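Coordinates in review
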Amino acid sequence: MPLTFTLDPAVTPELRDGILDLWTDVSNAGGAVGFVPPVTREDIRPQLIKHFASMAEGRIRLLVGHDEEGRVAATAFLTFNTHQLMTHWLWLYTVMVHPRHQGKGYGRDLLAAAADAARGIDGIEAIRLTCRGGLGLERFYASCGYKEVGRIPGAIRVAPGDDRDDVIMLLPLH
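Here's what I pulled together on the structure shown here. (Residues numbered from 1 in each chain as written. Predicted model: local features only at pLDDT ≥ 70, side-chain atom pairs only at ≥ 80, totals over all residues. Heavy atoms only, no water.)

Looking now at the overall build of the protein chain. A tally of regular secondary structure across the protein chain gives four helices and seven strands. For the protein chain, the N- to C-terminal ordering of α and β elements is β-α-α-β-β-β-α-β-α-β-β. Projected onto its principal axes, the C-alpha coordinates of the protein chain cover approximately 45 × 35 × 30 Å. Expressed as a percentage of the 174 residues in the protein chain, the buried residues total 44%. Surface exposure of the protein chain reaches about 8900 Å², of which carbon and sulfur atoms provide 53%. Treating the 18 positive side-chain charges of the protein chain as one cloud and the 21 negative ones as another, the clouds have centres 3 Å apart. (Helix = DSSP H or I, 4+ residues; strand = E, 2+ residues; numbered from the N terminus. Buried < 20%, exposed > 50% of the residue type's maximum accessible area, 1.4 Å probe, protein only. Areas by Shrake-Rupley, 256 points an atom, 1.4 Å probe, with all protein chains shown as cover. Lys, Arg positive; Asp, Glu negative; His and termini not counted. Charge placed at Lys NZ, Arg CZ, Asp CG, Glu CD.)

And the structure:
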């Protein structure tokens, strides 16, 4: 059954808790979403609060996918550029699909919904994201239409002696 996507949902305690659970579970499953396992909801909470504050300021928009049981199953944050010469594209951050739903095509659905949302924002011509090298993420994003446009070797230190490339991907929207 497909996910139901909502752009700019109301931030309720249920949504907050659902995103905290999702982000914790994705991180602890090894997902490249800003943390290294093991993490708890309390480790992630300050980062989510920053995202919510940016949403309230109009700098970020949230896309959420709910599963058939109404649980938060996927998210992506569309982040606007503040630099006046870069307002024609946005960043896609914290792209997550819950581990229990991986392998069902929901990642592709999430990226398609994010591209549709970005197309609906006046003046946005492209989506840019970065991903952690060494996990095959760049191949997944490429299969969804993104092109690798840059790579910074060893820019992400997962652990001492475990540096990964920061891969920059771009999806033109027209």
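A separate point is the pattern of salt bridges. By the definition in use, this model includes 15 salt bridges. Notably, a salt bridge pairs Arg-16 with Asp-17, separated by 3.0 Å at the nearest N-O pair. Residue Arg-16 is classed as partly exposed on the basis of its relative accessible area of 31%. For Asp-17, a relative accessible area of 26% translates into the label partly exposed. Ionic pairing is found between Asp-163 and Arg-157, a salt bridge with its closest N-O pair at 2.7 Å. A relative accessible area of 34% means that Asp-163 is categorised as partly exposed. Overall, the relative accessible area of 60% leaves Arg-157 in the exposed class. The network of salt bridges with shared partners includes Arg-16, Asp-17, Asp-21 and Arg-41. (Salt bridge = Lys/Arg side-chain N within 4 Å of Asp/Glu carboxyl O.)

The first and last C-alpha atoms of helix H2 (residues 41-56) sit 22 Å apart over 16 residues, in line with the 22 Å expected at 1.5 Å per residue. On its buried face, H2 is in contact with helix H1 (13-28), strand E2 (60-66), strand E3 (72-80) and strand E4 (89-97). Directly beyond the C-terminal end of H2, a positive phi value near 80 degrees is found at Gly-58. (Expected span 1.5 Å × (residues − 1). Contact = heavy atoms within 4.5 Å.)

Right, let's get into the side chain of Thr-79. With respect to the element layout, Thr-79 can be found in strand E3. Residue Thr-79 is classed as buried on the basis of its relative accessible area of 12%. Setting aside chain neighbours within four positions, we find Thr-79 in contact with Arg-59, Ile-60, Leu-90, Trp-91 and Tyr-93.

Ordered by their spatial adjacency, seven strands build an open sheet running E1-E2-E3-E4-E5-E7-E6, and the pairing between neighbours is mixed. Single-partner strands in this sheet number two, and they are strand E1 (4-7) and strand E6 (147-159). Recorded for the sheet is a direction-independent mean angle of 25 degrees between the axes of neighbouring strands. Bridge analysis of E2 against E3 gives seven bridges, and the strand direction is antiparallel. (Pairing = 2+ DSSP bridges. Axes fitted to C-alpha atoms, helices over the stretch in contact; angles between N-to-C directions.)

On to the packing of aromatic side chains. Scanning the model with the defined rule gives five aromatic pairs in all. Ring centres of Trp-91 and Tyr-93 lie 5.6 Å apart, and the angle between their planes is 20 degrees; this geometry places the pair in the stacked category. Following the ring pairs from residue to residue traces out a cluster consisting of Trp-89, Trp-91 and Tyr-93. (Phe/Tyr/Trp six-rings, centres within 6.5 Å; stacked < 30°, edge-to-face > 60°.)

Right, let's talk about unusual backbone geometry for a bit. At the junction of Pro-37 and Pro-38, the peptide bond is cis and its omega measures out at 0 degrees in the coordinates. Tracing the sequence through the fold places Pro-38 in the loop between H1 and H2. Positioned with a positive phi, Asp-8 is a non-glycine residue whose angle comes to about 60 degrees. Residue position: Asp-8 is located in the loop between E1 and H1.

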